[in-house]
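In case you want the letters, here they are:
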Amino acid sequence: MATLLSDGITEKLESKIKKMEVGEKLPSERNMAEEFGVSRNMLRESLRVLCDKGLIDILPGKGAYVSNKQDARLADHLESILFDNSNNLLDLVEVREVLEMEVCLKAVKVATEEDIRELEQIYDRMEDSRKQVTRFNECDMAFHLQIAKASHNSIYPPLLTALYNISERKVFRITELYPTRVDSAQREHKALIEAIRNRDRKAAKQVASKHFNIKDILTSQSMLREMKSSAE
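In this report, we go over the structure that sits alongside the text.

About the thresholds
Residues numbered from 1 in each chain as written. Predicted model: local features only at pLDDT ≥ 70, side-chain atom pairs only at ≥ 80, totals over all residues. Heavy atoms only, no water. Helix = DSSP H or I, 4+ residues; strand = E, 2+ residues; numbered from the N terminus. Buried < 20%, exposed > 50% of the residue type's maximum accessible area, 1.4 Å probe, protein only. Contact = heavy atoms within 4.5 Å. 1 Å grid on protein atoms, 1.4 Å probe; cavity = no way out; pocket = protein on both sides within 12 Å on 5 of 7 lines; lining within 4 Å. Points joined across faces, edges and corners; volume = space filled by probe spheres on them. Axes fitted to C-alpha atoms, helices over the stretch in contact; angles between N-to-C directions. Parallel < 35°, antiparallel > 145°, perpendicular 65-115°, else oblique. Nonpolar A, V, L, I, M, F, W, Y, C, P; charged D, E, K, R; others polar.

Here H189 is to be found in helix α10 (residues 181-197). According to the relative accessible area criterion, H189 is buried, its value standing at 0%. Not counting the four nearest positions on each side in its chain, H189 is found in contact with Y123, M126, D140, F143, H144 and H211.

Below, the structure is given as structure tokens:
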């Protein structure tokens, strides 16, 4: 009976945590124990389970904080699978292309005005970072993660984050090789925002198909290898 009760508290805590921001502090043990109607010992057991899952960090004397370790673990696991064999790079690119397309189409259906305003703000930050490639790439990643959030599917953001964590280090650095790619990327970002705002599935699909074109990515990958060989 105690185990069933503990499992129930863990599920409720997990649900609560997933609505919080990374780095946000959880309420005190006393407050949470009162909220869920359990002993502090039982609450601590549930917190330990969530810590093991990578959802929270428990800092002695300071409390529990929402963690992003779960995303990092997913990225590490995917990376170990994908890069055991270099041929899996093609699989990674294909998965990202398909996933991003579906994320965009879902966002077209359910994105809120707040979601769209956030996309516009990130777009403006990219405009301000046109000559700062590293900063531009960071904003670019944030833009696509915001589209994932705008899909209102809780699975898309961590999955896309994992793929980006891998691809950012291994594959997708097109703007470093093609400075003019910034111009076309921004046109496509703007068009994606408009398609989402207008609930225009057809337009979103057309823009996304171009924006996530596998040929561009593979070409950049080939050039990166050539540049690295020349440098050596």
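Next comes the rest of the description.
For the second largest pocket, the calculated volume is near 160 Å³. Contributing to the lining of the second largest pocket are 13 residues, with E29, L47, I58, G63 and A64 lying nearest its centre. Broken down by secondary-structure element, the contributors of at least two residues to the lining of the second largest pocket are α2 (29-36), α3 (40-52) and β2 (63-66). Residue contributions to the lining of the second largest pocket peak at three residues, all from α3.

Bringing the packing of helix α6 (residues 113-128) against α10 into the picture now. At a minimum axis distance of 10 Å, the contact between α6 and α10 shows a crossing angle of 170°. As far as their axial angle goes, α10 and α6 are roughly antiparallel. Side by side, α6 and α10 meet where I116, L119, E120, Y123, M126 and E127 of the first sit next to Q186, H189, K190, I193, I196 and R197 of the second. Across the contact of α6 with α10, the residue classes tally to six nonpolar, two polar and four charged.

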